[in-house]
Amino acid sequence: MNYNQLIINWHVKASDDDFFSKFVFEYLAFIAFLKKKKFTNSQNDRAAIQFLKQDESIKIKYLNKVLNNVDLHLSWEEIKKELKIARLGNVSGNSGNVEEIKWWNCSHSDLGGHAIDDKNKVKGYIYNLEDWENMVEFWYSIRNNLFHGAKNPEDRRDRLFVEHGYKTLNPLVQILLETE
């Protein structure tokens, strides 16, 4: 299978339609790139996400873009503002219960690798515009809640997270594609 073309096709498809569709297609390009091109030894999505959190080169490129791109900066500010109102959690579609996201504040390959300070930090927030590991966790959490939870295209908060999830993920996919 030609993964290069598949990734590019998902990325191009993300330019169409509403933000829910855009986010889904961009996320597909993102995770396909991570698993098939960047971190080919990752056994699952979680492992690829954790490897990305540890990748200093991509982190620096992305955070520089956040610093220098007004629209990207403003999208992260919108996300941060909304998370201050109510932090993000995992939503179970069956029960509607919100659970704490256990991988928040963690860039290690296993949960036991947390520094004590990170273990004690409240989960579900973006603390600042250099909070790379939680930015990555935000995209993964939005994806999980979209597919496994109860995201509603009519809900203001869900629309905000999906719209800004796309707007913040798209520049990262651009960076990833440029590294090839």
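Residues numbered from 1 in each chain as written. Predicted model: local features only at pLDDT ≥ 70, side-chain atom pairs only at ≥ 80, totals over all residues. Heavy atoms only, no water.

Before going further, it helps to spend a moment on the overall build of the protein chain. The secondary structure content of the protein chain amounts to 8 helices and 2 strands. When the helices and strands of the protein chain are listed from N to C terminus, the series reads α-α-α-α-α-β-β-α-α-α. Counting only residues that meet the buried cut, the protein chain has 46% of its 180 residues in that class. Considering only residue pairs separated by 6 or more positions, the protein chain has 64% of its internal contacts joining residues 24 or more positions apart. (Helix = DSSP H or I, 4+ residues; strand = E, 2+ residues; numbered from the N terminus. Buried < 20%, exposed > 50% of the residue type's maximum accessible area, 1.4 Å probe, protein only. Contact = heavy atoms within 4.5 Å.)

The next subject is the packing of aromatic side chains. All told, the structure shown has 11 aromatic pairs when counted by the stated rule. Seen from their ring centres, phenylalanine 19 and tyrosine 166 are 5.9 Å apart, and the 50° between their planes marks the pair as tilted. Of this pair, phenylalanine 19 sits in helix H2 (residues 19-38) while tyrosine 166 sits in helix H8 (residues 156-178), and the two are 147 residues apart along the sequence. Here tyrosine 166 falls in the buried class, since its relative accessible area comes to 11%. (Phe/Tyr/Trp six-rings, centres within 6.5 Å; stacked < 30°, edge-to-face > 60°.)

The subject of this paragraph is helix H4 (residues 56-68). The end-to-end C-alpha separation of H4 is 18 Å, in line with the 18 Å expected for 13 residues at 1.5 Å each. Those residues of H4 that fall on the buried side of the exposure criterion are Ile58, Tyr62, Leu63 and Val66. Around the axis of H4, the buried residues are gathered within 120° of arc, so they sit on the same side. H4 presents Leu67 and Asn68 as exposed residues on the side facing more than 90 degrees away from its buried surface. Sitting at the head of H4, aspartate 55 places a side-chain oxygen 3.2 Å from the backbone nitrogen of serine 57. (Expected span 1.5 Å × (residues − 1). Arc of directions from axis to C-beta. Polar contact = N/O pair within 3.5 Å; in protein donor to acceptor, adjacent residues only side chain to side chain.)

For the rest of this paragraph, the subject is the nonpolar core. Taken as a class, soluble globular proteins show a tendency for nonpolar side chains to be buried jointly. Counting residues in hydrophobic clusters, the biggest one holds 45 residues, and the most contacted among them are Phe30, Tyr62, Trp76, Phe138 and Leu172. At the level of elements, H2, helix H3 (45-54), H4, helix H5 (70-85), helix H7 (132-148) and H8 are the ones that each hand at least two residues to this core. Look past the residues within four positions of phenylalanine 30 in its chain and what remains in contact with it is Ile49, Leu52, Leu169, Leu172, Val173 and Leu176. (Core = buried A, V, L, I, M, F, W, Y, C linked by side-chain atoms within 4.5 Å.)

Tracing the backbone through its elements, the reader meets glutamate 26 in helix H2. Although buried, glutamate 26 forms no salt bridge, and the nearest oppositely charged side chain, lysine 22, lies 9.0 Å from it. (Lys, Arg positive; Asp, Glu negative; His and termini not counted. Salt bridge = Lys/Arg side-chain N within 4 Å of Asp/Glu carboxyl O.)

Tallied over the full model, the rule gives 10 salt bridges. Residue glutamate 137 pairs with arginine 46 through a salt bridge whose shortest N-O separation is 2.8 Å. Within this pair, whereas glutamate 137 is found in helix H7, its partner arginine 46 is found in helix H3, the two being separated by 91 residues in sequence. Glutamate 137 serves as the salt-bridge partner of lysine 53, at 2.5 Å between the closest nitrogen and oxygen. With lysine 53 in helix H3 and glutamate 137 in helix H7, this residue pair connects regions lying 84 residues apart in the sequence. Both residues of the pair, lysine 53 and glutamate 137, count as buried. Where salt bridges share partners, they join Arg46, Lys53 and Glu137 into one cluster.

This part takes up the confidence of the model for the protein chain. Per-residue pLDDT for the protein chain has a mean of 85; in total, 82% of the residues score no lower than 70. Element-level mean pLDDT values for the protein chain span from 54 in strand S2 (residues 98-99) up to 97 in H4. For the stretch residues 92-97, pLDDT sits under 50, and the model shows 7 contacts to residues farther than four places along the chain or on other chains. (pLDDT = per-residue confidence, 0-100.)

Positioned with a positive phi, asparagine 105 is a non-glycine residue whose angle comes to about 65°. A relative accessible area of 0% means that asparagine 105 is categorised as buried.

So, about the packing of H2 against H8. As a packed pair, H2 and H8 sit with axes 8 Å apart at the nearest point and diverge in direction by 35°. Crossing of H2 over H8 shows left-handed handedness. Within the contact of H2 with H8, the residues separate by chemical class into 15 nonpolar, 2 polar and 6 charged. (Axes fitted to C-alpha atoms, helices over the stretch in contact; angles between N-to-C directions. Left-handed = near helix turned anticlockwise from the far one by under 90°. Nonpolar A, V, L, I, M, F, W, Y, C, P; charged D, E, K, R; others polar.)

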